[in-house]
Amino acid sequence: MDYQQTIHWSVDNVGEKTFQAAVAEAGALLREGKLVAFPTETVYGLGADARSDAAVASVFQAKGRPSDNPLIVHIADKQDAALAAAAITETAEKLMDAFWPGALTIILPHNGTLSTKVTAGLSTVGIRLPDHPAARAVIRASGCPIAAPSANRSGRPSPTRAMHVAEDLDGRIAGILDGGPTGVGLESTVIDCTVEPPLILRPGGVTSAEIEAVIGTVDVDPALSEEEQPRSPGMKYRHYAPEAPLTLLDGTTAFMHEQIRASRERGERVGVILTKDLAGESGADREYVLPAGDTETVARELYHALRTFKETEVDQIFMQVIAGEDLGFAVMNRLVKAAGGRVLTENRTF
Ligand code: TXA
Ligand code: MG
């Protein structure tokens, strides 16, 4: 892949001249078939013209992404769903009204106008209207439906800051719009509306309870909690891997301290992700301190925390599991993948 000079724009100040100029320039690059990364409320996305085979092919190349993993199409206005979907069902319409703009990707039959590389040859397409002014402004400026996977190299934690995108993709893409840290920190919920009841393929920013309050019962892909082949093509791949192995700990604080001690005794340099109340006394070589322990904060900080630990500094990372309800279900889904399934459970005798 040829090296290209990546342009960095700051788009913190919505509406200002610099914002408008950056958005216009980025939109023009997208229209020319170039790749531009932009912030959304979930994670940074790597945008390309969803109608152009060449542009979409370069997304897969820049990310090192397997070609059987379809991309989500991003739009700036609800009515633009028709640029990708063959028809909008009543259920999909309700979901759009309730959660768009927002962290919900809706799968519908596609209308045949997109590059077949976007949909990886499937008959369906995932569509999302992001809740971020820079994302929507740049999509609008491009004038095309924008295919955008998370803007990381395949297998790495998704980017929640522009510096994460630069780490992975500088020199491989045309530009990065820097809108500061993203709000949600985890990717959108993916829901398949081509089946009845609708099926959650990936848990994310919108919880199944929130969805059920709007459209009634939904199913959750059993592969998300059991050892089954997932229905969503992308869910089978290793994801979110930090540079050093991550092990999740299911037990007390004493159990965590014990594991850290044992790991150091094996000669490993240990990193730990923990909350403020436990900071300074873990015995680890390096701590990433979460400013608070609530699920929203863990979700927002998780990928940044995972990226903080460099292989030159630590050999092992530990983190305690969190409660797996609502947004916590999505956090645990990402954590278990990031850990490659390694969870140590404390032997408790009560
Ligand atoms: O929050 C997000 O969704 C972010 C931001 C940038 O919008 N995007 C994102 O894209 O996470 P990506 O490509 O990293 O993940 C897309 C997921 C993959 O697991 C993919 O397999 C699934 O959505 N997907 C896309 N189209 C699909 C389809 N037609 N059927 C089933 N799964 C699909
Ligand atoms: Mg991704």
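How each quantity is defined
- Throughout this description, residue numbers start from 1 for each chain and increase along the sequence as written.
- Just so you know, chain letters begin at A and ligand numbers begin at 1, following the order they were written in.
- The predicted nature of this model means local features are confined to residues of pLDDT at least 70 and side-chain atom pairs, given and counted, to a pLDDT of 80 or more, with totals for whole chains, interfaces and linings taken over all residues.
- Water and hydrogen atoms were dropped before computing side-chain values, which therefore reflect all heavy atoms in the structure.
- UniProt positions are given in the numbering used here, feature names are shortened, and annotations may be inferred rather than shown by experiment.
- A helix here means a DSSP run of H or I that spans at least four residues, while a strand means a run of E at least two residues long, and both kinds are numbered starting from the N terminus.
- In this setup the radius of gyration rests on C-alpha atoms only. A globule is expected at 2.2 Å times the number of residues raised to 0.38.
- The contact criterion used is simple: two residues touch if any of their non-hydrogen atoms lie within 4.5 Å.
- Only the protein chains shown count as cover for residues, and the accessible areas themselves come from Shrake-Rupley with a 1.4 Å probe.
- Nonpolar cores are built from buried Ala, Val, Leu, Ile, Met, Phe, Trp, Tyr and Cys residues. Side-chain atoms within 4.5 Å join them into one set.
- Partly exposed describes any residue whose relative accessible area lies between the buried limit of under 20% and the exposed limit of over 50%, with all areas from a 1.4 Å probe on protein chains only and scaled to the type maximum.
- Note on definitions: angles span 0 to 180 degrees between N-to-C directions of axes, and those axes are lines fitted to C-alpha atoms, for helices only across the stretch in contact.
- The cut-offs work like this: below 35 degrees is roughly parallel, past 145 is roughly antiparallel, 65 to 115 is roughly perpendicular, and the gaps in between are oblique.
- We call a crossing left-handed when the near helix sits turned anticlockwise from the far one by less than a right angle, and right-handed when that turn is clockwise.
- Amino acids are sorted into nonpolar (Ala, Val, Leu, Ile, Met, Phe, Trp, Tyr, Cys and Pro), charged (Asp, Glu, Lys and Arg) and polar (every other residue, Gly among them).
- Annotation comment: domain bounds sourced from an automatic or database domain assignment.
- Joining two parts hides part of their accessible area as seen by a 1.4 Å probe, and the buried area is that hidden amount summed over both.
- Counted as salt bridges are all cases of a side-chain nitrogen of Lys or Arg within 4 Å of a carboxyl oxygen of Asp or Glu.

The name that an unreviewed UniProt entry assigns to the protein chain is Threonylcarbamoyl-AMP synthase, with the source organism given as Bacillus daqingensis. Taken from UniProt, the Catalytic activity (unreviewed entry) comment for the protein chain reads in full: "L-threonine + hydrogencarbonate + ATP = L-threonylcarbamoyladenylate + diphosphate + H2O". Reading the Subcellular location (unreviewed entry) entry of the UniProt record for the protein chain gives the comment "Cytoplasm".

Engineer: Could you give me a rundown of the overall build of the protein chain, with the residues and numbers involved?
Structural biologist: For the protein chain, the helix and strand inventory stands at nine helices and 16 strands. Compactness check: the protein chain gives a C-alpha radius of gyration of 20 Å against a globular reference of 20 Å for 350 residues, within 12% of the reference. The principal-axis extent of the C-alpha atoms belonging to the protein chain is close to 60 × 45 × 35 Å. Considering only contacts in the protein chain between residues 6 or more positions apart, those separated by 24 or more positions represent 67%. Taken as a whole, the protein chain presents about 14,600 Å² of accessible surface, with 48% of it coming from carbon and sulfur.

Engineer: Just give me the short version of the nonpolar core, but keep the residues and values in it.
Structural biologist: Of all hydrophobic cores here, the largest spans 46 residues; its most connected members are Ile106, Ile191 and Ile211. Those elements that place two or more of their residues in this core are strand 3 (45-49), helix 2 (53-63), helix 3 (90-99), strand 5 (104-109), strand 6 (124-128), helix 5 (162-169) and helix 6 (208-215). Per-element accounting of this core gives the leading share, five residues, to helix 2. With sequence-adjacent residues up to four places away left out, Ile106 is seen in contact with Ala92, Leu95, Met96, Trp100, Val125, Gly126, Ile127, Ile191 and Cys193. In terms of nonpolar packing, the next biggest core, distinct from the first, is built from 26 residues, Tyr240, Ala299, Val314 and Ala339 among them.

Engineer: Any chance you could break down the side chain of Thr247 for me, citing the residues and the numbers?
Structural biologist: Within the secondary structure, Thr247 sits in strand 12 (residues 246-250). Judged by relative accessible area, Thr247 falls into the buried class, the value being 6%. Ignoring sequence-local partners within four residues, the contact set of Thr247 consists of Gln316, Ile317, Phe318, Met319, Arg342 and Leu344.

Engineer: Before we move on, could you go through the packing of helix 1 (residues 17-31) against helix 4 (residues 133-142) and cite the residues and values that matter?
Structural biologist: In contact at an axis separation of 7 Å, helix 1 and helix 4 are set at 50 degrees when each is read in the N-to-C sense. In terms of axis orientation, helix 1 runs oblique to helix 4. Between helix 1 and helix 4 the crossing geometry is right-handed. Along the contact surface, helix 1 presents Phe19, Val23, Ala26, Gly27, Leu30 and Arg31, while helix 4 presents Pro133, Ala134, Ala137, Val138, Ala141 and Ser142. A class-by-class count of the residues in the contact of helix 1 with helix 4 yields nine nonpolar, two polar and one charged.

Engineer: Give a detailed account of the UniProt feature "domain: YrdC-like" (unreviewed entry) in the protein chain, specifying residues and quantitative values.
Structural biologist: The UniProt entry lists residues 20-206 under the feature "domain: YrdC-like" (unreviewed entry), expressed in the numbering used here. A helix fraction of 27% and a strand fraction of 19% characterise residues 20-206, whose end C-alpha atoms lie 30 Å from each other.

Engineer: How would you sum up the domain arrangement of the protein chain? Please name residues and give values.
Structural biologist: By a widely used convention, the size of an interface equals the accessible area lost when the partners come together. The domain architecture assigned to the protein chain consists of domain 1 (7-220) and domain 2 (246-345). Taking only C-alpha atoms into account, the centre of domain 1 sits 29 Å from that of domain 2. The interface of domain 1 with domain 2 comprises 24 residues on the first partner and 15 residues on the second. When domain 1 packs against domain 2, close to 1,600 Å² is buried across both sides, 58% of that on carbon and sulfur atoms. Together, Pro157, Leu186 and Pro203 form the three largest contributors to the area buried by domain 1 at its contact with domain 2, with a combined 36%. Asp168 is the salt-bridge partner of Arg307, the closest N and O atoms lying 2.9 Å from each other. With three residues, helix 5 is the largest single contributor of residues to the side of domain 1 that touches domain 2. Here the residues of the side of domain 1 that touches domain 2 sort into seven nonpolar, eleven polar and six charged.

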